[in-house]
Amino acid sequence: MPQGSFGVVRAWNDFTAPPGGITTGVPDALYNNLGGGWGLVGVNEGIIDLVVDEANGWLSITTDTGDNDNHAIVAGAWRPSAGGMEMEIRLKPITSYATTRLAIFVGFTETLALNTPVMPCEIATTTATYNGTGGMAGFVFDSDSTSLIWRFVAGDAGVALATVDSTGTAGAAIGIDCAATITLDKAMIFRLEMTPDGICRGLFGDASDTPRDQGLKFIGRNTAALTSTKKFHACALIENRVGSAHVMEVDYADARGFRDWSV
C-alpha cells in the first residue's frame, strides 16, 4: 500500500498553556481539548487549571465531590500491530494517599467511554477487578486495596493476563509491586512500551530513588499478549474513593504509535 511521510502519530503536551475553552475552571460535561492531541473526559464535573507554584508547566485536575467521580486525560487510539506504541506521563497526587481516598490508573486501555470513563483496573482489599471487555496494561494505585502500593497490571476481557516481574518471577492477578515510596506531592514517571505483537513493558520512576540519575526501573511485562490489532487509548485517570474532591497534577503527557497505512 502507498505510504506518506508522516508515519509516527504522536500526542504531546507539556501543559504550559491554559486548557482550551475553559474560562471558569469547570470542564465541560463530555469532553475538553487540552491541546497537543490530549483531551479530558470525566464523570460529572470538577476543576482543571494550570498549577501556579511549579515551574515548567503542570496541569491540575480536581475531581468533583461525589463518590467515584473521576477525570481522565486521554489520547489516541493506536494499533500496536502498526509498529508498536509508547507512552510516558509524569504526575503526582496532591490531596491524599490515605485509605479509601482515591485511585489512579496510567496506561493503555482498549475500553474508555467518553461520557462515563471507568477505571480499567481497580483493587479492593486483595482482589483486582479488570473492567471493560477490552485489553489494558498500565500502573494502578487504589486506596481501597489492603496494601497502599503502585502496581503494574495487565488484563483482557475482564481477567488478568499472565505477567513476569523484573526477575522473571510470575506476577499475580493483583499486579506487580513497583516498590515505590508512597509520599504525597511527589512526582513519579510512568512509561509503557508495547511491541507490535501486544507485549507491554512497564517502567517506573520514583523521585525518592537514589542515585537520582539511575533512570526508570523495569517493573514487569505481560507474557500473554494483548490483541495487537485492537485500538488502544493512552490515559491517566483519577477517581474518588470517598465523597470529597481529590487532585492530581500532571507535568507532561506523551504517547505515540504508528499510522496504519493499510486502512
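Residues numbered from 1 in each chain as written. Predicted model: local features only at pLDDT ≥ 70, side-chain atom pairs only at ≥ 80, totals over all residues. Heavy atoms only, no water.

1. Thoughts on the overall build of the chain
Working step 1: For the chain, the count of helices and strands is 0 helices and 20 strands.
Working step 2: Relative to the 2.2 N^0.38 estimate, which gives 18 Å for 263 residues, the radius of gyration of the chain is 17 Å and therefore close to what a compact globule would have.
Working step 3: With respect to the three principal axes, the spread of C-alpha positions in the chain is 45 × 45 × 40 Å.
Working step 4: Split into buried and exposed, the 263 residues of the chain put 49% on the buried side. (Helix = DSSP H or I, 4+ residues; strand = E, 2+ residues; numbered from the N terminus. Rg over C-alpha atoms; globule rule 2.2 N^0.38 Å. Buried < 20%, exposed > 50% of the residue type's maximum accessible area, 1.4 Å probe, protein only.)

2. A closer look at the pairing of strand 10 (residues 127–130)
Working step 1: Of the two faces of strand 10, only the one carrying A128 and Y130 is buried; T127 and T129 on the other face are not.
Working step 2: Pairing of strand 9 (residues 121–124) with strand 10, which is carried by 4 bridges, proceeds in the antiparallel orientation. Paired with I123 across the two strands is A128, which belongs to strand 10.
Working step 3: Between strand 9 and strand 10, which pair antiparallel one after the other, the connecting turn spans 2 residues, and T125 there sits at a positive phi close to 50°. (Pairing = 2+ DSSP bridges.)

3. Brief notes about a nonpolar patch on the surface
Working step 1: On the surface, a cluster of nonpolar side chains totalling about 280 Å² of accessible area is made up of L30, Y31 and L114.
Working step 2: With respect to the helices and strands, the residue L30 is situated in the loop between strand 1 (8–13) and strand 2 (32–35). (Patch = residues over 30% accessible without salt bridge, like charges linked within 9 Å, V, L, I, M, F, W, Y side chains within 5 Å. Areas by Shrake-Rupley, 256 points an atom, 1.4 Å probe, with all protein chains shown as cover. Salt bridge = Lys/Arg side-chain N within 4 Å of Asp/Glu carboxyl O.)

4. Structural notes on the nonpolar core
Working step 1: Counting residues in hydrophobic clusters, the biggest one holds 46 residues, and the most contacted among them are W38, I61, I73, I89, F139, W150 and F204.
Working step 2: In terms of nonpolar packing, the next biggest core, distinct from the first, is built from 17 residues, M119, M136, V140 and L237 among them. (Core = buried A, V, L, I, M, F, W, Y, C linked by side-chain atoms within 4.5 Å.)

5. Re the pattern of salt bridges
Working step 1: Counted according to the given criterion, the structure contains 16 salt bridges.
Working step 2: Residues E193 and R191 are paired through a salt bridge, measuring 2.7 Å at the closest nitrogen-oxygen approach.
Working step 3: Residue E193 is classed as partly exposed on the basis of its relative accessible area, which comes to 22%.
Working step 4: The class of R191 is buried, set by a relative accessible area of 16%.
Working step 5: A cluster of three or more residues bridged by salt bridges with shared partners is formed by E86, E88, R191, E193 and R201.

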